[in-house]
Amino acid sequence: DSGVTQTPKHLITATGQRVTLRCSPRSGDLSVYWYQQSLDQGLQFLIQYYNGEERAKGNILERFSAQQFPDLHSELNLSSLELGDSALYFCASSLKLWTRSLNEQFFGPGTRLTVL
Amino acid sequence: GQQVMQIPQYQHVQEGEDFTTYCNSSTTLSNIQWYKQRPGGHPVFLIQLVKSGEVKKQKRLTFQFGEAKKNSSLHITATQTTDVGTYFCAGNSGNTPLVFGKGTRLSVIA
């Protein structure tokens, strides 16, 4: 158990719909990251928040948005869903923003999104 | 932008054989991390390398960071069925997020 929680575990929805994925980081971690993992694909970095502020954006579609709340939990909103958005979405957290010293990321169990 | 390439994509080995996965970056890295994802699981941090030429060992696993800090490798000696999973390298350059390779999926045949 990494200490990172994600809800829901599974989500099945239809094209065109909107969903919200939720993540609670490990206690004390200030950085939250969102990743998308499709079949046979690596981990595609979507976005990072640190202490409530957006700090880095990766290959995140304009239909996707995220935020980190004062209690440090984060939500990833996916709208106008398409079949190709079906994937495993991971949230990860770390203590620091980025640094040369140890800054491992702790991953949650993921949310499996299926768009029909 | 920064790219991290990992080879091979798949590797099937007999139990007891050795296994190596290689990671190459298009840019010089500040550090490199390795993660393991078991089938149906989530990535789990294994190690971080920071220094040029650094070599670290964890039991049967040996991690290396190249002299130029643009490549890395993970070597597993005498694989076991518990080593099954996908191994990812991830690196960053300065104040940038980690970029993950696509991973090497290891299958171990008992």
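Note that the structure is predicted; figures quoted are calculated from it, not measured. (Residues numbered from 1 in each chain as written. Chains lettered and ligands numbered in written order. Predicted model: local features only at pLDDT ≥ 70, side-chain atom pairs only at ≥ 80, totals over all residues. Heavy atoms only, no water.)

Description of the overall build of chain A
A tally of helices and strands in chain A yields zero helices and 11 strands. For chain A, the sequential pattern of α-helices and β-strands runs β-β-β-β-β-β-β-β-β-β-β. Taken against the 2.2 N^0.38 rule, which gives 13 Å for 116 residues, the C-alpha radius of gyration of chain A at 13 Å falls within 12% of a compact globule. Here chain A holds 116 residues, and the buried ones make up 51% of them. Of all intrachain contacts in chain A linking residues separated by at least 6 positions in sequence, the fraction that spans at least 24 positions is 57%. Carbon and sulfur atoms provide 49% of the accessible area of chain A, an area that totals close to 5500 Å². Once the 10 positive and 11 negative side-chain charges of chain A are each reduced to a mean point, those two points are 3 Å apart. (Helix = DSSP H or I, 4+ residues; strand = E, 2+ residues; numbered from the N terminus. Rg over C-alpha atoms; globule rule 2.2 N^0.38 Å. Buried < 20%, exposed > 50% of the residue type's maximum accessible area, 1.4 Å probe, protein only. Contact = heavy atoms within 4.5 Å. Areas by Shrake-Rupley, 256 points an atom, 1.4 Å probe, with all protein chains shown as cover. Lys, Arg positive; Asp, Glu negative; His and termini not counted. Charge placed at Lys NZ, Arg CZ, Asp CG, Glu CD.)

A few points about the environment of A:G84
Residue and element names in this part refer to chain A. Structurally, the position occupied by G84 is in the loop between β8 (74–78) and β9 (87–94). Here G84 falls in the exposed class, since its relative accessible area comes to 59%. It is 28 Å that separates the C-alpha atoms of G84 and Y50, two residues lying 34 residues apart in sequence.

Quick look at the interface of chain B and chain A
Across the boundary between the two partners, chain B contributes 24 residues, which contact 22 residues of chain A. Overall, the association of chain B and chain A removes approximately 1800 Å² of surface from exposure, summing both partners, and the carbon and sulfur fraction of that is 54%. The largest share of the area that chain B buries against chain A comes from B:H42, B:P97 and B:F100, three residues that together contribute 25% of it. Remark: the boundary between chain B and chain A carries zero salt bridges. Counting every contact that joins chain B to chain A gives four residue pairs in polar contact (both at pLDDT 80 or more). Broken down by secondary-structure element, the contributors of at least two residues to the side of chain B that touches chain A are β4 (31–37), β5 (43–49) and β9 (85–92) of chain B. Of the residues forming the side of chain B that touches chain A, the biggest block, four residues, is contributed by β4(B). Here the residues of the side of chain B that touches chain A sort into nine nonpolar, 12 polar and three charged. (Buried area = accessible area lost by both parts, 1.4 Å probe. Salt bridge = Lys/Arg side-chain N within 4 Å of Asp/Glu carboxyl O. Polar contact = N/O pair within 3.5 Å; in protein donor to acceptor, adjacent residues only side chain to side chain. Nonpolar A, V, L, I, M, F, W, Y, C, P; charged D, E, K, R; others polar.)

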